[in-house]
Amino acid sequence: MKRRIGFLLPPGFQALDLMATTVFEIANHLDGGPFYDVTLLSEQGGVLGSSSSVGVFTEAFERHDYDTLIVAGIMQPLTQRPSSAFLDFLRDASHASRRTASICTGAFILAEAGLLEGRRATTHWALARDLQRAYPRTRVEEDRIFINDGRIWTSAGMTACIDLCLAMVEADLGKDASKHIARQMVVYHRRSGGQSQFSALLELEPKSDRIQQALSYAKRHLQKPLSVDELAEAANLSTRQFSRSFRLETGQSPARAIEVLRVEAARALIESSNHSIDVVARETGFADPERMRRAFLRAFGQPPQAIKRAAREQAATPA
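How each quantity is defined
Residues numbered from 1 in each chain as written. Predicted model: local features only at pLDDT ≥ 70, side-chain atom pairs only at ≥ 80, totals over all residues. Heavy atoms only, no water. Helix = DSSP H or I, 4+ residues; strand = E, 2+ residues; numbered from the N terminus. Buried < 20%, exposed > 50% of the residue type's maximum accessible area, 1.4 Å probe, protein only. Contact = heavy atoms within 4.5 Å. 1 Å grid on protein atoms, 1.4 Å probe; cavity = no way out; pocket = protein on both sides within 12 Å on 5 of 7 lines; lining within 4 Å. Points joined across faces, edges and corners; volume = space filled by probe spheres on them. Nonpolar A, V, L, I, M, F, W, Y, C, P; charged D, E, K, R; others polar. Core = buried A, V, L, I, M, F, W, Y, C linked by side-chain atoms within 4.5 Å. Phe/Tyr/Trp six-rings, centres within 6.5 Å; stacked < 30°, edge-to-face > 60°.

1. Some thoughts on the side chain of Ser-155
Then, number 1: Within the element layout of this structure, Ser-155 appears in strand S10 (residues 152-155).
Then, number 2: What makes Ser-155 buried here is its relative accessible area of 0%.
Then, number 3: Filtering out sequence-adjacent residues up to four positions away, Ser-155 remains in contact with Ser-102, Ile-103, Cys-104, Thr-122, Thr-123, Ile-145, Phe-146, Ala-160, Cys-161 and Leu-164.

This is the structure:
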């Protein structure tokens, strides 16, 4: 029997969120499929315009027998309030569903419907603190790709909907299925829910190709000591030129930037594998687990063991 998925679209929804439906579309072509029946829903039905003026055909709210509900995001969640009819349908249909999810700022709509009270949730990093202030009974974690708290799922900005839906398919059909879909979509399989929304390379934002080249080299060779001389050579600069240019462009010393890259890689490895802390430290160039622990405390305020424990608890949460 196919699982019915209701994709709830508020007026002015973000069209990019519709890429989530592609995950289920590809899943339907796997052996044994189709597995999902996806319906786009709106309060009035008919053609509904997105924030980018792209319209899609929707069915009006009516039935409540959905296995999964997914609420799309909106551009201005603090001022674009859903109607009472939208919220009433969401509450009623959510109570009847196996799981309910939001994409990006759709978390504001779940919160307005009272579905996030006492739960952990995430949303786009730029609006996470607004969500926390507006709905203080929600435990907002602003630097997560997605969160699965019981039957309620929330995801970060826009493209994180792919990670969320891959996780749903993995829960339904197994890891091989989600891995196949990720390959078809040419996306990473798959960023864990606890993974940071930020990329260290993006945060460092080097302005020249040479400094970017050195950082890319470092990310590919984190197991090596990565001295300033080695990085300067990768950038085709003298050591003095490299050190001066690096600090001017990134605002950090090379040593600090390399630590940031290592911490990011170590966290991703901890959350996506069963490697021991010692192995993770070795694979990411920390060598000494105590050195990695101190770096994690500086970056995240908690040791690697706490992050590993949280990742296990997330994975153990039933879908």
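Once you've had a look at it, read on.
2. Considering empty space enclosed by the protein
Then, number 1: Applying the stated criterion across every chain, the model contains 1 cavity of 30 Å³ or more.
Then, number 2: There is about 40 Å³ of room inside the largest cavity.
Then, number 3: Residue lining of the largest cavity: Ile-74, Pro-77, Gln-80, Arg-81, Pro-82, Phe-108, Ile-109, Glu-112 and Tyr-135, and that is the complete set.
Then, number 4: Split by residue class, the lining of the largest cavity holds 6 nonpolar, 1 polar and 2 charged.

3. A look at the environment of His-124
Then, number 1: Inspection of the secondary structure puts His-124 in the loop between strand S7 (120-121) and helix H4 (128-134).
Then, number 2: Taking the C-alpha atoms as reference points, His-124 and Glu-142, 18 residues apart in sequence, are found 7.4 Å from one another.

4. A look at the environment of His-180
Then, number 1: Relative to the assigned elements, His-180 resides in helix H6 (residues 175-185).
Then, number 2: By relative accessible area, which is 27% here, His-180 ends up partly exposed.

5. Describing the nonpolar core
Then, number 1: Ranked by size, the top nonpolar core spans 39 residues in total, and within it Phe-7, Leu-9, Val-23, Phe-24, Ile-70 and Ile-181 carry the most contacts.
Then, number 2: Residue contributions to this core peak at 9 residues, all from helix H5 (residues 160-173).
Then, number 3: Setting aside chain neighbours within four positions, we find Ile-70 in contact with Ile-5, Gly-6, Phe-7, Leu-8, Phe-24, Ala-101, Ile-103 and Cys-165.
Then, number 4: Grouped together as the second largest cluster of nonpolar side chains are 27 residues, Leu-41, Phe-86, Leu-110 and Leu-115 included.

6. Topic: the packing of aromatic side chains
The relation between two aromatic rings is expressed through the spacing of the ring centres and the mutual angle of the planes.
Then, number 1: Under the counting rule described, the total for this entry stands at 5 aromatic pairs.
Then, number 2: Ring centres 4.9 Å apart and planes at 65 degrees place the aromatic pair Phe-24 and Tyr-36 in the edge-to-face group. In this pair, Phe-24 is assigned in helix H1 (residues 20-27) and Tyr-36 in strand S2 (residues 36-42), connecting sequence segments 12 residues apart.
Then, number 3: For Phe-24, a relative accessible area of 1% corresponds to the buried category.
Then, number 4: Ring-pair connections join several aromatic residues into one group, and the members of that group are Phe-61, Phe-86 and Phe-89.

Read these as spatial facts, not as claims about activity.
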